[in-house]
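Residues per chain, in single letters:
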Amino acid sequence: MNRALYLIPLGLFLFFAGLAGYMLTQPKADQIPSQMIEQPLPEFTLEPALGGMPGVSRADFVGGEPRLLNIWASWCLPCIAEAPHLERLREEGVEIIGVAVRDRPEAVANFLGRYGNPYTRIGADEISELMIQIGASGVPETYVIDAEGNIRYQHIGDVREETVPLLLEKLEEARS
Amino acid sequence: MIDFLRLLCAALALIAAPLAAQQSMPAAPYAYTQLEDPVLEAEATELMETLRCLKCQSQSINDSDAPMAGDMRHQVRSRLLAGESPDEIRSFLTQRYGDYVSYQPQVSSTTWPLFAIPLVLLALVGLILLRRLGKKRSDGEPTQ
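Residues numbered from 1 in each chain as written. Chains lettered and ligands numbered in written order. Predicted model: local features only at pLDDT ≥ 70, side-chain atom pairs only at ≥ 80, totals over all residues. Heavy atoms only, no water.

Some remarks on the overall build of chain A
For clarity, the cut-off: Runs of E in the DSSP output that reach at least two residues are strands. Runs of H or I that reach at least four are helices, and both are numbered from the N terminus. Using C-alpha atoms as the atom set, the radius of gyration is obtained and then compared with a globule rule of 2.2 Å times the number of residues to the power 0.38. Burial status follows relative accessibility: with a 1.4 Å probe on protein chains alone, a residue under 20% of its type maximum counts as buried, one over 50% as exposed, and anything between as partly exposed. Residues count as neighbours in contact if any of their non-hydrogen atoms are within 4.5 Å of one another. Only the protein chains shown count as cover for residues, and all accessible areas are computed by the Shrake-Rupley method using a 1.4 Å probe. When charges are counted, neither His nor the chain ends are considered; positive counts come from Lys and Arg and negative counts from Asp and Glu. Lysine's charge is taken at NZ, arginine's at CZ, aspartate's at CG and glutamate's at CD.
Scanning chain A for helices and strands turns up 5 helices and 7 strands. Along chain A, helices and strands appear, N-terminal first, in the series α-β-β-β-α-β-α-β-α-β-β-α. In terms of overall dimensions, chain A is more spread out than a globule: its C-alpha atoms have a radius of gyration of 21 Å, far above the 16 Å expected for 176 residues. Considered along the principal axes of its C-alpha atoms, chain A spans approximately 85 × 35 × 30 Å. Taking all 176 residues of chain A together, 46% fall into the buried category. Long-range contacts, defined here as pairs at least 24 residues apart, represent 73% of the contacts in chain A between residues at least 6 apart. Summed over all atoms, the accessible surface of chain A reaches about 8900 Å², with 55% contributed by carbon and sulfur. In chain A, the 14 positive side-chain charges and the 25 negative ones have mean positions that sit 5 Å from each other.

Re helix α4 (residues 86-97) of chain B
Residue and element names in this part refer to chain B. The condition is simple: By this rule the span expected of a helix is its residue count minus one, scaled by 1.5 Å. Arc, as used here, means the arc of the directions from the helix axis to the C-beta atoms.
For α4, spanning 12 residues, the distance from its first C-alpha to its last is 16 Å, which sits close to the expected 16 Å at 1.5 Å a residue. Taken together, the buried positions of α4 are occupied by Ile89, Arg90, Phe92, Leu93, Arg96 and Tyr97. An end-on view of α4 places all buried positions within 155 degrees of arc, on one side of the element. Immediately beyond the C-terminal end of α4, within one or two residues, lies Gly98, with a positive phi of roughly 75 degrees.

As for the state of the cysteines
Residue and element names in this part refer to chain A. The test is simple: In this description, a disulfide is simply a cysteine sulfur pair whose atoms lie within 2.5 Å.
By the definition in use, this model includes 2 disulfides over all chains. What pairs with Cys76 in a disulfide is Cys79, and their sulfur atoms sit 2.1 Å apart. Linking Cys76 and Cys79, the disulfide has an S-S dihedral of approximately 90 degrees and is accordingly described as right-handed. Here Cys76 falls in the buried class, since its relative accessible area comes to 3%. According to the relative accessible area criterion, Cys79 is buried, its value standing at 2%.

Digging into the pairing of strand β5 (residues 119-125) of chain A
Residue and element names in this part refer to chain A. Applied cut-off: Pairs of strands are assigned from DSSP output, requiring at least two bridges between the strands. Handedness is read with the strands pointing away from the viewer; a crossover is right-handed when the path from the first strand over the helix to the second is clockwise.
Extensive coverage of β5 is indicated by the burial of 5 of its 7 residues. One ladder, built from 6 bridges, connects strand β4 (residues 96-101) with β5; its direction is parallel. Looking across to β5, one finds that Ala100 is bridged to Ala124. Where the polypeptide runs from β4 across helix α3 (residues 105-115) and back to β5, its parallel neighbour, the crossover connection is right-handed.

Looking at the confidence of the model for chain A
This is how it is decided: The pLDDT score gives, residue by residue, the confidence of the prediction method on a 0 to 100 scale.
Across chain A, the average pLDDT comes to 95, with 99% of residues at or above 70. Within chain A, the element-level pLDDT minimum falls on helix α1 (residues 7-25) of chain A, averaging 94, and the maximum on β4(A), averaging 98.

Remarks on a negative patch on the surface
All names here are of chain B. Counted only if it meets this: Distance thresholds for patches are 9 Å for like charges and 5 Å for nonpolar side chains (Val, Leu, Ile, Met, Phe, Trp, Tyr), applied to residues having over 30% relative accessible area and no salt bridge. Take a side-chain nitrogen of Lys or Arg and a carboxyl oxygen of Asp or Glu: if they are within 4 Å of each other, that pair is a salt bridge.
A cluster of acidic residues, Glu36, Asp37, Glu43, Glu46, Glu49 and Asp63, forms a negative patch on the protein surface. Among the secondary structure elements, Glu43 is positioned in helix α2 (residues 38-48). The exposure class of Glu43 is partly exposed, given its relative accessible area of 31%.

Put into structure tokens, the structure is as follows:
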């Protein structure tokens with residue numbers, strides 16, 4: 001019998017041990033990118049998340065300039081951290097449409113009172129329907145939507161200082 | 001004593017308040033409610049056991065108490081009720097979340113080795129066995 005054949009199991013073992021060792025050094029893949037990028041935003045209508053502000057539907061993204069769709073919630077801590085950066089984007093003239101996930105009107109109002117309101121509209125996604133429709137897996141997430149209502153870019157996690165120029169760039173790209 | 005217990009309960013409730021905050025919304029109608037039709041509910045359970053929770057590692061949406069998993073169970077049950085097939089619902093979700101969401105891997109450009117390697121290994125084992133057994137037989141014959 002060819003002696004080299006006996007080395008095959010050893011080789012296989014070393015391969016898997018090496019693979020396991022390598023994967024242990026890799027960061028956990030906890031971001032699940034949406035597969036809906038470059039796809040049209042699905043049809044949806046969300047009731048207003050609080051009194052005094054309009055709700056959100058697909059039609060609100062069509063026409064004019066590219067917009068941001070910000071998925072957030074008053075119970076979400078990173079959403080507090082991103083509030084000032086959303087405010088900066090608003091100051092740059094970006095329209096930000098908000099969707100509050102699993103939230104109550106009074107909690108939404110309280111959050112906006114404390115951390116500011118960069119939104120032109122806020123819809124209530126009480127059972128994550130819109131989230132699932134666009135492939136969002138957590139809160140917060142921010143999407144760039146072009147003027148034809150197509151999803152162009154997804155940012156997972158809170159918007160940070162360094163995310164602001166990136167989003168402005170993506171919004172500029174979405175004009176074409 | 002009773003006063004002390006009351007105080008203790010109030011204190012514990014205060015500590016638990018941040019935990020309750022995320023759950024303060026009622027769950028989606030079909031998150032924890034089974035479908036009336038047992039056949040549909042069985043289909044739903046079978047499907048939900050093979051859909052991956054997005055918020056928790058290594059749990060199906062059937063096993064998870066995460067609010068997002070509840071909302072996904074609602075999608076599965078209400079879509080089944082509306083007449084969609086389990087396969088349609090699975091592809092609805094994979095179109096949005098990719099293969100990540102499904103515990104039932106499909107053959108694709110990245111997953112084909114998963115299906116091919118066992119076949120290759122089986123063929124290899126067969127080949128080795130055949131050679132060994134064949135050799136033994138031919139070894140045995142001329143000695144007599």
